[in-house]
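# Tertiary structure, described
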Amino acid sequence: MASLTLSASGVRTGAIRPLNILHDLSQVADLIELCFASNLDEDGQSYLDQMRRAGRDTAFLTWAGRIMDSASMPLTGFVWEEDGKIIGNASLILQTHRSRKIAMLANIATHPDHRRRGIGRALTARAMTAAQQRGAREFWLHVRHDNPTAIKIYRDLEFTERARRTTYQTKVGAPFSGLSAPTNLLQGASPNRTTGDIAIARPHPLHWPIQREWLQRAHPEELSWYAHWDWKAVGPGFKNWLRRAVVEADVRQWAAVRGSQLLATVSWMPTLRASNALWIAAPPDGEPAGLGLALETARRYLAHYRRLVVEYPAGEMVSAVESAGFEAYRTLIWMRADATSGAIVRSTP
């Protein structure tokens with residue numbers, strides 16, 4: 001493997017050291033909460049609460065120390081410490097996906113009182129070096145699209161943008177338009193519902209090739225290691241039916257059609273990681289009315305969830321998603337760097 005040289009020259013005082021899960025989790029959770037307070041949703045807050053509880057659970061920490069390279073909670077990484085206080089953090093999550101070892105850099109944060117000193121850059125560089133030493137072939141991270149300072153740092157470290165995705169969530173108190181499918185369809189008693197010239201029905205097997213094409217574009221293979229959702233499983237055929245039956249996967253789908261033309265689909269297949277996520281598929285220049293109607297029908301069916309989440313390529317079908325009672329929560333830029341390129345990454349502040 002080619003070596004990756006990372007310099008943190010120019011950073012003043014303080015010290016980078018590995019995260020110590022026996023002592024640091026609570027401080028790191030406090031730092032993340034401070035730095036990202038305006039962006040934390042319920043899942044994010046729950047995640048931080050879990051970190052704090054874990055930090056107090058000696059039995060958990062003893063067990064976690066043995067599996068830290070495979071855990072989704074940030075049990076490994078680096079912190080910047082000054083005068084006994086953690087003022088910077090970079091978490092490192094390593095996983096293997098289809099024979100590729102991937103490093104996810106997350107929770108890169110610097111205390112507001114200590115920014116513009118190169119701390120975030122140095123922590124990122126250190127995490128990249130450690131990941132490479134552990135065999136990672138590629139590095140990934142995501143950053144909010146409205147954080148130009150962080151984006152520049154990552155570009156300087158030779159990360160390149162691979163995707164830009166917006167997360168939507170149901171708007172609290174958003175009414176239904178009255179156009180979505182009625183109760184008999186939601187309970188599965190009726191095969192379709194027509195509103196104007198658009199019908200909401202279960203996807204037809206003949207539509208699968210175009211649905212598959214849209215799903216592949218909207219939820220690309222390159223990010224499948226993170227999504228942990230196999231869109232191929234919603235396809236027709238005995239093999240997928242048997243697979244869903246064996247794992248007891250509950251799958252619901254809604255297709256918007258006009259005559260024999262498929263306009264859009266919405267799929268729901270709850271997993272342990274995301275029970276409230278919807279997966280939408282539509283052409284990039286598609287008709288908003290079809291997707292909006294399918295999304296609203298799904299929202300009515302899943303009304304027992306206080307909040308549903310949709311992630312989709314940024315800037316696409318925005319009016320359709322919003323018309324169905326969703327609002328944009330954040331837009332993230334997914335960035336990737338190659339650990340085997342042989343490039344020398346300079347991290348001078």
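For the structure, see preceding data.
Since the model is a prediction, treat every value here as computed from it, not as a measurement.

Quick look at the overall build of the chain now. A tally of helices and strands in the chain yields eleven helices and 15 strands. Relative to its full complement of 349 residues, the chain shows a buried share of 48%. A separation of at least 24 residues holds for 73% of the contacts in the chain among residues at least 6 apart in sequence. Accessible surface for the chain amounts to roughly 17,000 Å². Of this, 51% is attributable to carbon and sulfur atoms.

Here the focus is the side chain of Ser91. Here Ser91 shows up in strand S4 (residues 85–97). Reaching out from Ser91, the side chain makes a polar contact with the side chain of Asn89 at a distance of 3.2 Å. Here the side chain of Ser91 touches Asn107 through a polar contact of 3.3 Å, side chain to side chain.

Moving on: the pattern of salt bridges. Under the definition given, this model contains 15 salt bridges. Between Asp146 and Arg144 there is a salt bridge, with its nearest N and O atoms 3.1 Å apart. As a salt-bridge pair, Asp197 and Arg258 come within 2.8 Å of each other at their nearest N and O atoms. Of this pair, Asp197 sits in the loop between strand S8 (192–195) and strand S9 (198–201) while Arg258 is found in strand S10 (residues 252–258), placing the two residues 61 residues apart along the sequence. For Arg258, a relative accessible area of 25% translates into the label partly exposed. Within the structure, one salt-bridge network assembled from shared partners comprises Arg17, Asp24 and Glu81.

Further remarks concern the packing of aromatic side chains. The full count for this structure, using the stated rule, is eight aromatic pairs. Ring geometry for Trp225 against Trp334: centres 6.2 Å apart, planes inclined by 85°, an arrangement best described as edge-to-face. Here the residue Trp225 occupies a position in helix H8 (residues 224–227), and Trp334 occupies one in strand S14 (residues 326–338), the gap between them amounting to 109 residues. With respect to burial, Trp225 and Trp334 carry one shared label: buried. Clustering of aromatic rings is evident, with ring pairs tying together Trp140, Trp225, Tyr226 and Trp334. Above the face of the Phe176 ring, Arg299 is positioned so that its terminal group lies 4.1 Å from the ring centre. The side chain of Arg300 reaches across the aromatic face of Phe176, ending 4.3 Å from its centre.

With that settled, the discussion passes to the pairing of strand S3 (residues 77–82). Along any regular strand the residues' side chains alternate between the sheet's two faces. Burial analysis of S3 places five of its six residues in the buried class, which makes it a mostly covered element. In this sheet, S3 lies alongside strand S2 (residues 15–18) in antiparallel orientation, the contact comprising four bridges. Pairing of Arg17 across the sheet is with Val79, part of S3. Note that S3 and S4 share six bridges and pair antiparallel. Bridge assignment links Gly77 to a residue of S4, and that residue is Ser91.

What follows is about helix H4 (residues 119–133). With 15 residues, H4 ought to run about 21 Å at 1.5 Å a step, and its terminal C-alpha atoms sit 21 Å apart, in line with that. Counting buried positions over the 15 residues of H4 gives 13, a clear majority of the element. Following H4 by one or two positions, Gly135 adopts a phi angle in the positive range, close to 100°.

What counts, and where the lines are drawn
- Residues numbered from 1 in each chain as written.
- Predicted model: local features only at pLDDT ≥ 70, side-chain atom pairs only at ≥ 80, totals over all residues.
- Heavy atoms only, no water.
- Helix = DSSP H or I, 4+ residues; strand = E, 2+ residues; numbered from the N terminus.
- Buried < 20%, exposed > 50% of the residue type's maximum accessible area, 1.4 Å probe, protein only.
- Contact = heavy atoms within 4.5 Å.
- Areas by Shrake-Rupley, 256 points an atom, 1.4 Å probe, with all protein chains shown as cover.
- Polar contact = N/O pair within 3.5 Å; in protein donor to acceptor, adjacent residues only side chain to side chain.
- Salt bridge = Lys/Arg side-chain N within 4 Å of Asp/Glu carboxyl O.
- Phe/Tyr/Trp six-rings, centres within 6.5 Å; stacked < 30°, edge-to-face > 60°.
- Lys NZ or Arg CZ within 6 Å of the ring centre and 35° of its normal.
- Pairing = 2+ DSSP bridges.
- Expected span 1.5 Å × (residues − 1).

Without other data, these values stay purely geometric and don't point to any function.
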